[in-house]
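Residue-level listing of the chains:
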Amino acid sequence: WFFLKLFPAISAFNWLTYISIVLSGFFTALFIRKLGVSSLGAILGGFAWITSKQAYAQSLAAVYAYAFLPILFLVVLKIGEKKWRSFLSGASVVSLSFLMCHLFWAVASFLAPFFYSLYLAWAKIKSGPYASFSSDWFKHFRAPALFFIIILVGGILGLIQLLPTAVYAFLSGRGAGFGHW
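This text gives an overview of the structure that appears in the document. Position numbers for residues start from 1 in each chain and track the written sequence from start to end. Given that the model is predicted, a residue must reach a pLDDT of at least 70 before its local features are reported, and side-chain atom pairs must reach 80 or more before they are shown or counted; all residues, however, enter totals for whole chains, interfaces and linings. Hydrogens and water molecules were not included; the side-chain quantities draw on all heavy atoms of the structure.

So, on to the overall build of the chain. Along its length, the chain carries nine helices and zero strands. In the chain, the succession of helices and strands from N to C terminus is α-α-α-α-α-α-α-α-α. When the accessible surface of the chain is summed, it comes to about 11500 Å², and 74% of that surface belongs to carbon and sulfur atoms. Numbering of helices and strands runs from the N terminus, with a helix taken as a DSSP run of H or I at least four residues long and a strand as a DSSP run of E at least two residues long. Reported accessibility uses the Shrake-Rupley method at a 1.4 Å probe radius. Residues are deemed covered only where the shown protein chains occlude them.

Below you can see the structure in the form of structure tokens.
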């Protein structure tokens with residue numbers, strides 16, 4: 001909306017695409033840096049992430065999903081620090097994904113960080129002293145459980161977009177039974 005007030009529609013689309021791609025590279029570099037990779041390696045990783053999305057640059061909904069994905073990976077890493085800031089930022093990113101992305105891209109972009117959180121839980125179990133579950137099972141599955149709660153809270157916040165979409169989807173040509181062919 002803001003960019004449409006400043007620029008014509010085509011220029012606003014181009015600026016939003018550019019800003020989203022640059023921010024996705026920046027957050028990818030932050031994520032890679034948080035994993036312990038050097039600064040140069042993080043910059044190269046962010047650049048690789050930016051250049052891997054050239055085929056999707058015509059779809060702003062896909063560009064937004066790819067911009068939010070590295071932020072969600074960062075949120076999964078930060079959940080273990082037990083700070084509310086990571087929980088709130090994750091819920092905000094999830095709700096923005098529902099508001100700005102196509103529903104398919106939003107849901108698909110939640111799966112990779114969720115599986116990453118499951119991997120982190122599995123790695124924590126395997127590196128434990130007994131390599132098995134303890135009586136406090138939530139300790140092992142804290143990241144996946146909290147990420148699932150983040151998706152639920154973000155989904156509730158995203159109902160602003162999801163409910164009207166669900167109501168009016170049946171009025172579209174595809175919802176009425178006509179295909180796109």
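Formed by 29 residues in total, the largest nonpolar core has its most connected members in F31, V94 and F110. For this core, the elements supplying multiple residues, two or more each, are α2 (9-34), α4 (60-79), α5 (84-100), α6 (103-126) and α8 (142-157). In terms of residues, this core owes the most to one element, α4, which gives 13 residues. Setting aside residues no more than four positions away along its own chain, F31 makes contact with P70, F73, L74, L77 and Y116. What we call a nonpolar core is a set of buried Ala, Val, Leu, Ile, Met, Phe, Trp, Tyr and Cys residues that are connected through their side-chain atoms within 4.5 Å. The buried label applies to any residue whose accessible area, calculated with a 1.4 Å probe on protein chains only, is under 20% of its type's maximum; exposed applies above 50%, and partly exposed to all values in between. By definition in these notes, contact holds between two residues if any of their heavy atoms fall within 4.5 Å.

All right, on to the environment of Q161 then. Positionally, Q161 belongs in helix α9 (residues 159-168). Judged by relative accessible area, which is 33%, Q161 ranks as partly exposed. Along the sequence, Q161 and L99 sit 62 residues apart, while their C-alpha atoms lie 5.7 Å from each other.

Another point: the packing of aromatic side chains. Two rings belonging to Phe, Tyr or Trp (six-membered ring only in the last case) form a pair when the distance between their centres is within 6.5 Å. Interplanar angles under 30 degrees mark stacking, angles over 60 mark edge-to-face geometry, and anything in between is tilted. A complete count under the given rule lists 13 aromatic pairs for this structure. On the numbers, 5.8 Å between centres and 55° between planes, the contact of Y66 with W105 is tilted. Highlighted residues: Y66 in helix α4 and W105 in helix α6, separated in sequence by 39 residues. Relative to W122, the ring of Y119 has its centre 6.1 Å away and its plane inclined at 40°; by these criteria the two rings are tilted. Of this pair, Y119 and W122 both sit in helix α6, three residues apart, roughly one helical turn.

Let us look at the side chain of S109. Relative to the assigned elements, S109 resides in helix α6. Those residues in contact with S109 that lie beyond four places of it in its chain are A65, L69 and L72.

Among the structural elements, S95 can be located in helix α5. Definition of a polar contact: a pair of N or O atoms within 3.5 Å, with one able to donate and the other able to accept a hydrogen when the atoms are protein atoms, and with sequence-neighbouring residues admitted only if both atoms are side-chain atoms. At a separation of 2.9 Å, a polar atom in the side chain of S95 contacts the main-chain carbonyl oxygen of S92. The residues touching S95, leaving out its near neighbours within four places in the chain, are G154, L157 and G158.

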